[in-house]
Amino acid sequence: DELMSLVAGAIAAGALPAFEELGIAMTGSGSKGVRALAAALLAGAPCARTIKRLDLRLCDIGYEGALSIAQALLVCPQIESLELGSTVDGVTGQS
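Definitions and limits used
- Here the residue index of a chain counts from 1 through its sequence in written order.
- In view of the model being predicted, local features appear only for residues whose pLDDT reaches at least 70, and side-chain atom pairs are presented and counted only at 80 or more, with totals across whole chains, interfaces and linings using the full set of residues.
- Hydrogen atoms and water are omitted, and side-chain values are computed over all heavy atoms in the structure.
- Labels follow the DSSP assignment, with helices taken as runs of H or I lasting at least four residues and strands as runs of E lasting at least two, numbered in each case from the N terminus.
- Any helix carries an expected span of 1.5 Å times its number of residues minus one.
- Only protein chains enter the accessibility calculation, which uses a 1.4 Å probe. A residue is then buried if its area is under 20% of the maximum for its type, exposed if over 50%, and partly exposed in between.
- Two residues form a contact once any of their heavy atoms are found within 4.5 Å.
- The term salt bridge refers to a pairing of a side-chain nitrogen on Lys or Arg with a carboxyl oxygen on Asp or Glu at a separation within 4 Å.

Draft legend 1. Geometry of unusual backbone geometry. Residue Leu 58 is not a glycine yet carries a positive backbone phi of 60°. If you trace the backbone, Leu 58 turns up in the loop between strand 2 (53–55) and helix 3 (62–75).

Structure, rendered in structure tokens:
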């Protein structure tokens, strides 16, 4: 969660260039880190307009993290791929 929270902070501050793919699969990121990422996207971070693929496989995002990402999808309609395999009981798969 610490690493993802730092990345989310950099994203929110616009410190990272626009990118199309963010892969945090198997990084140990949990609900707190994923919620921070979603908050950055909801706040209008530059990548919120360019990101197309988000890979959260094998991250323990929990139900709250899943809800946060779902909310972020509403402001990031260009996201074409969201990978959630094995993230939380009952919230698995790929869209």
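Now that the structure has been shown, the text picks up again.
Draft legend 2. Summary view of helix 2 (residues 31–42). When the terminal C-alpha atoms of helix 2 are compared, their 16 Å separation across twelve residues agrees well with the 16 Å that a helix rising 1.5 Å per residue should span. Three or more residues of helix 2 are buried, namely Ser 31, Gly 33, Val 34, Leu 37, Ala 38, Ala 40 and Leu 41. Turning to helix 2, the residues buried within the fold contact helix 1 (2–12), strand 1 (21–23), strand 2 and helix 3. Of the residues flanking the end of helix 2, it is Gly 44, one or two places downstream, whose phi is positive at about 90°.

Draft legend 3. Just the pattern of salt bridges, in detail. Counted according to the given criterion, the structure contains six salt bridges. Close ionic contact of Arg 35 with Glu 64 constitutes a salt bridge, the shortest N to O distance being 3.5 Å. Remark: Glu 64 occurs in helix 3 and Arg 35 occurs in helix 2; sequence separation between them is 29 residues. Judged by relative accessible area, Arg 35 falls into the partly exposed class, the value being 35%. The residue Arg 57 makes a salt bridge to Asp 55 at a minimum N-O spacing of 2.6 Å. By relative accessible area, which is 33% here, Arg 57 ends up partly exposed. Each of Glu 21, Arg 53, Asp 55, Arg 57 and Glu 83 takes part in salt bridges that share partners, so that together they form one network.

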